[in-house]
Amino acid sequence: MEPNGPVSSPQDGVAGPRWSVGSGSGLHYGSFVNSLSSLTPNAVQNPAISPRRAHIAIAVLCYINLLNYMERYTIAGVLSNIQAFFDISDSTAGLLQTVFICSFLLLAPLFGYLGDRYNRKYIMIGGLSVWLLTSAGSSFVSSSQFWLLVVLRALVGIGEASYSTVAPTIIGDLFTGGKRSIMICIFYVFIPVGSGLGYIAGAGSAALTGDWHWALRITPIMGVVGLILMILLCPNPSRGAAETRGEGVTGHSSYKEDVKYLLKNKSYVLSSLGVTALAFLTGALAFWLPTFLSRAHVTQGLRPPCIQEPCDSTDSYIFGAVTVATGILGGSLGTFLSRQFRDKMPNADPLICAVGMLGSVPCLFITIFVASASIPATYVFIFFGELLLSLNWAVLADILLYVVIPTRRATAEALQISVGHLLGDAGSPYLLGVISDAIRTSKPDTYDWSFHSLKYSLLVCPFVGIVGGVFFLITAFYITEDRKAVQQLLGDSPQPQQEPAPESSVELSNKAKD
């Protein structure tokens, strides 16, 4: 029976194999295709981090992940209010999300490097503290200080970069096997759940107080609780404890060697390109769809246009609720399908992601064109489109954890985040805003034409979805080969080569025997 529970750390004095990662082996770069549960040696563990403490840690990490994505999309929930307050165009409004994502992606590699080498708990505490201060500060800007709001939104990305790169690796070191897949699913379900609650909390607080600034004060207040819980309850398990019977893995590679290893890992590279397309798609839709639906109501004569705040927040409420529901259903369904088919089809995970991306494309096309005729029908296709996209989140997280060795997971997370955001949702909200503004200037500006200009800009999204689906399909061709390489690496435990290989690779050697 494979170990599925929390694992012990080296400090416990438990005798067992000690694994090290170096750069002298002649083995080729490999990656897992199946969960590391199939590769972990059978053993009876004596965990120092008890199951109860590990589950409490997961609850804390999930709570902060919820706040992470609530903060990220609160702005979108009150975007119409912000545009009316500052009197800004679509492209300028899109900058609020773009600068946040840019700072996020620029700092992610730094936190990834630190996360593979230093105490991950302290890194998250420091980043979360910066996030709380800058997020709270952004809620006090005046109508003449839009660019101060932009700067503060960029600083918020510092805190979120520290957390997003490190937290998944801690989960990977607390659990293994099917239990880890479930925990990763729960953690990543809070991405759409937090995003949806961000719309609802933002719009709700603005409606209750009559001031959109209060929308930016909700998550800092809740975040103080998360910071205290992290300090008191979150452990810092040894890296690779789940794969090495609790003994942990030590690293001896440079950052250059880490990057070189990742670039040679075809499954990691291709799946990261798919993640980039997914980030572009979801970032653009999450930011602009509530505003698009609001303008659709105006075009159909169902409500008057928003000239001054507070604006009607009904669409943010509904879109937020749909995002929460599809996130829970899609994430759970994706994990269920992965666990059902992974043993029968070694390349099931990237195929599930491809089906999710490609299946969402027709739903997005219909959503864009049916909005001017029927709002209820639009929400139906938004539901199915988001459901299909949500299949991917937990599965993609699991893929990264089992295709990258433990001492390079934080770096892998960071690089995937950087590339995914740089080419994905860092620019997609702003790009769609620029396209919308450019189309709008071709005719006299009317409320009806502002809806259609945004509609035409949203057509970029389905085509990006097709590209992402293709990347996941290509990943499926390499992932089985990568699995065999890692089975040799961990299963056979080969001794180091007498002569150094011409290129850097992974060495896992058994340095101590029971």
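Right above here is the structure, for reference.
Keep in mind it's a predicted model, so treat the numbers as computed, not measured.

Pulling in residues and values, what's your account of the nonpolar core?
Counting residues in each nonpolar core, the largest one holds 121 residues, and the members touching the most others are L61, M124 and W212. Looking at which domains feed residues into this core, each of domain 1 (48–241) and domain 2 (253–491) supplies at least three. Apart from residues no more than four positions distant in its own chain, L61 is found in contact with M124, Y163, A167, I170, I171, F187 and C234.

Provide a residue-level description of the packing of helix α10 (residues 314–341) against helix α11 (residues 348–370), including the pertinent values.
Where α10 meets α11, the axes come as close as 9 Å, and the angle between the chain directions of the two elements is 145°. Considering how the two elements wind past one another, α10 and α11 form a crossing that is right-handed. On the side of α10, the interface is formed by G334, L337, S338 and F341, while α11 contributes A348, D349 and I352. Looking at the contact of α10 with α11 residue by residue, the class counts come to 4 nonpolar, 2 polar and 1 charged.

Before we move on, can you summarise the environment of T323 with the specific residues and values?
On the secondary structure map, T323 appears in helix α10. T323 gets classed as buried once you look at its relative accessible area, which sits at 7%. T323 sits 124 residues away from Y199 along the chain, and the two C-alpha atoms are 9.3 Å apart. When sequence neighbours within four positions are dropped, the list of residues in contact with T323 reads P192, S195, G196, Y199 and E386.

Describe the packing of helix α3 (residues 90–115) against helix α5 (residues 146–174), naming the residues involved and giving the relevant values.
Running from amino to carboxyl end, α3 crosses α5 at an angle of 35°, the nearest separation of the two axes being 6 Å. Regarding α3 and α5, the two cross each other, and that crossing is right-handed. By residue class, the composition of the contact of α3 with α5 is 17 nonpolar, 9 polar and 2 charged.

Describe in detail the pattern of salt bridges, supporting the description with residues and values.
For side chains of opposite charge, pairing can occur when their charged atoms come near one another. All told, the structure shown has 3 salt bridges when counted by the stated rule. Note that R117 is salt-bridged to D258, the shortest N-O span being 3.0 Å. Here R117 is found in the loop between α3 and α4 (120–137), whereas its partner D258 is found in helix α8 (residues 255–263), with 141 residues between them in sequence. Taking the shortest distance from any N to any O, the salt bridge between D349 and R342 comes out at 3.2 Å. For D349, a relative accessible area of 1% gives the class buried.

Parameters at a glance
- Residues numbered from 1 in each chain as written.
- Predicted model: local features only at pLDDT ≥ 70, side-chain atom pairs only at ≥ 80, totals over all residues.
- Heavy atoms only, no water.
- Core = buried A, V, L, I, M, F, W, Y, C linked by side-chain atoms within 4.5 Å.
- Buried < 20%, exposed > 50% of the residue type's maximum accessible area, 1.4 Å probe, protein only.
- Domains from an automatic or database assignment.
- Contact = heavy atoms within 4.5 Å.
- Axes fitted to C-alpha atoms, helices over the stretch in contact; angles between N-to-C directions.
- Helix = DSSP H or I, 4+ residues; strand = E, 2+ residues; numbered from the N terminus.
- Left-handed = near helix turned anticlockwise from the far one by under 90°.
- Nonpolar A, V, L, I, M, F, W, Y, C, P; charged D, E, K, R; others polar.
- Salt bridge = Lys/Arg side-chain N within 4 Å of Asp/Glu carboxyl O.

Geometric descriptors of this kind do not, in isolation, establish any biological role.
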